[in-house]
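Structural characterization, general
Listed below, chain by chain, are the residues.
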Amino acid sequence: MEILRACIFHTPRNAFDHPDSLIALPDGGLLTSEGKVLACGDFSAVRAASPEAPVRDLRGSYLLPGFIDTHIHFPQVRILGGLGYSLLDWLDHLTLPEEARLSDDTYATVIAREFVHQLAAHGTTTSLVFGAHFAPAMAALFEAAATSGLRVISGLVLADRLLRPELHVTPEQAFEASKLLLGRYHGHGRIRYAVIPRFALSASEPMLEVCHTLLRENPTLHFTSHINENPLEVTEVARLFPWAADYLAVYERFGLIGRRSVLAHNVQATAPELHRLAASQCSIAHCPASNAALGSGIFPMRRHLEARVHFALGTDVGGGTGFGMMKEALLAYLLQRVAPDPLTLSPAQMLYLATRAGAEALALDETLGDFTPGKSADFVCLNPPGDSALAGVLRRLEDPERILAAILTMAGPETIREVRVAGDLIFENQLTH
Ligand code: GUN
Ligand code: ZN
């Protein structure tokens, strides 16, 4: 049992539905025991209720719930920074050649470790990870994740057309390889398995049927894919599935859409799709950096809110610009400021999108996403270096909302002092302390 004493922020309720959802505790106390939160409140009150608990004095630091990234690609760590493309030519010229390199098990192991290290170093404690096309590379990712202690939901990426031959498998091979992987890793420690066709473009109908079978046989699996990212992609999907009224209808036809489904992007969403996404409780992974970098467009956030379609944030490494979820929240803010139908996100909404909204998207909100007693003690401790511009700004701020806004605007990975999952230390920055 331990009380952490620091400035604490969290959003235990949906920050779009509840304007007062931000809990800000300038002198806060987080009481944890055996990896769980027992209490969170003003330090004096938490201390008075548990006078016997030892106190860890982290004054000058900021505690946030661990970040939850709902869309990130493990094989794409080394193609970050590839600017100047749009989705389909980016895939052809940069991404798919790199993904093919993960057929080399030694290389895949190096990339898996690099990827997992970067998640931890950026304070991302839970992620829905687009995997590789090769089963040994997936085993390398799951092993690296298990060693790190991070929560990772991932799975073999399935495709049988229009990528490049090295990345294609038959639906039968996809089924067998997925069964083996999920049998070995789903529910193993903090790992969960997801069924992942790359996108409708690269999946035949038999392949989507395989996805359906896997989900039907294992209702606790997750499902993720891409949708409505780029206009050319949408046109191609319409050509390949002439019977489908829209992009979403392809996934719906195969029973892939529900509470445990997360679809990335949805920039080109139509009104009927938004309506059906809300009805099915499917979530969207909003990836503002990637949407801008690949010229996909500006996410219609207001339309998602009005249709009551749930969304959370994804960094979409390597279409995006890096692993930082605070940066992603800032980009969501910046792009919505200049959207055709603009919105001004509050600091509470930005924090919510990077934490609790992700837990909701992954159907993990009973256990993750904020510091409600009973939830897992997954958190990030931030400590801006003394000589940083952020430290200077924070020295003169008193209003908690402005403090949070400054952190979300300026804090890079150098501010991350410590990261814990269920109380276990998974990353410690030796430089700041
Ligand atoms: N659509 C299909 N594959 C990908 C990918 O790797 N990244 C993004 N952003 N979109 C995709
Ligand atoms: Zn993606």
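This section reports on the structure supplied with the text.

Some points on the side chain of Asn383
Here Asn383 shows up in the loop between β14 (379-382) and α15 (389-395). The exposure class of Asn383 is buried, given its relative accessible area of 11%. In terms of polar contacts, Asn383 uses its side chain to reach the side chain of Ser61, at 2.6 Å.

Here we look at the sheet that holds strand β2 (residues 23-33)
Ordered by their spatial adjacency, seven strands build an open sheet running β3-β2-β1-β4-β14-β15-β16, and the pairing between neighbours is mixed. The sheet terminates laterally at β3 (36-42) and β16 (424-428), the two strands that pair on one side only. Across the sheet, the mean angle separating the axes of adjacent strands is 35° when strand polarity is ignored. Pairing of strand β1 (residues 2-10) with β2, which is carried by eight bridges, proceeds in the antiparallel orientation. Its bridge partner lying in β2, Glu2 is registered against Thr32.

Some remarks on the coordination of the zinc ion (ligand 2)
Within the first shell, the zinc ion (ligand 2) binds the protein through His71 (NE2), His73 (NE2), His226 (NE2) and Asp316 (OD), at distances of 2.0 to 2.5 Å. Coordination at the zinc ion (ligand 2) is irregular: its four donor atoms span angles of 88 to 171° at the metal. For His71, a relative accessible area of 1% corresponds to the buried category. Since its relative accessible area comes to 3%, Asp316 is described here as buried.

A few points about the packing of aromatic side chains
A ring pair, where both rings are aromatic, is described by two values, the distance of the centres and the angle of the planes. Under the counting rule described, the total for this entry stands at eleven aromatic pairs. Their ring planes at 80° and their centres at 5.8 Å tell us that Phe241 and Trp243 sit as a pair that is edge-to-face. You can call Phe241 buried: its relative accessible area is 1%. Grouping aromatic residues by their ring pairs yields a cluster made of Phe16, Phe299, Phe311 and Tyr352. Geometry around Trp243 places Arg253 over its ring, the cationic atom sitting 3.8 Å from the centre.

Focus: the packing of helix α4 (residues 135-148) against helix α5 (residues 171-185)
Taken N-terminus to C-terminus, the directions of α4 and α5 make an angle of 15°; their axes are 11 Å apart at the nearest point. Viewed along their axes, α4 and α5 adopt a mutual orientation that is roughly parallel. As for the relative orientation of α4 and α5, their crossing is right-handed in sense. Facing α4, whose interface residues are Ala135, Met138, Ala139, Phe142 and Glu143, α5 presents Leu181, Arg184 and Tyr185. Classifying every residue of the contact of α4 with α5 gives six nonpolar, no polar and two charged.

Quick notes on the site of ligand 1
Taken together, His73, Gln76, Leu87, Trp90, Leu91, Arg198, Phe199, His226, Glu229, His265 and Asp316 form the complete shell of residues around ligand 1. Contact between ligand 1 and His226: a nitrogen atom at 3.4 Å from a side-chain N or O atom of the residue. Separating a nitrogen atom of ligand 1 from a side-chain N or O atom of Glu229 is a distance of 2.7 Å. With the chains in place, 100% of the 280 Å² that ligand 1 exposes on its own is no longer accessible. Among the detected pockets, ligand 1 sits in the largest cavity.

So, how was this worked out
Residues numbered from 1 in each chain as written. Chains lettered and ligands numbered in written order. Predicted model: local features only at pLDDT ≥ 70, side-chain atom pairs only at ≥ 80, totals over all residues. Heavy atoms only, no water. Helix = DSSP H or I, 4+ residues; strand = E, 2+ residues; numbered from the N terminus. Buried < 20%, exposed > 50% of the residue type's maximum accessible area, 1.4 Å probe, protein only. Polar contact = N/O pair within 3.5 Å; in protein donor to acceptor, adjacent residues only side chain to side chain. Pairing = 2+ DSSP bridges. Axes fitted to C-alpha atoms, helices over the stretch in contact; angles between N-to-C directions. Donors = N, O, S within 2.8 Å, 3.2 Å for Na, K, Ca; no water. Tetrahedral: all angles 85-135°; square planar, octahedral: opposite > 155°, others 65-115°. Phe/Tyr/Trp six-rings, centres within 6.5 Å; stacked < 30°, edge-to-face > 60°. Lys NZ or Arg CZ within 6 Å of the ring centre and 35° of its normal. Parallel < 35°, antiparallel > 145°, perpendicular 65-115°, else oblique. Left-handed = near helix turned anticlockwise from the far one by under 90°. Contact = heavy atoms within 4.5 Å. Nonpolar A, V, L, I, M, F, W, Y, C, P; charged D, E, K, R; others polar. Near = heavy atom within 4 Å. Areas by Shrake-Rupley, 256 points an atom, 1.4 Å probe, with all protein chains shown as cover. 1 Å grid on protein atoms, 1.4 Å probe; cavity = no way out; pocket = protein on both sides within 12 Å on 5 of 7 lines; lining within 4 Å. Sits in = over half its atoms within 2 Å of the grid points.

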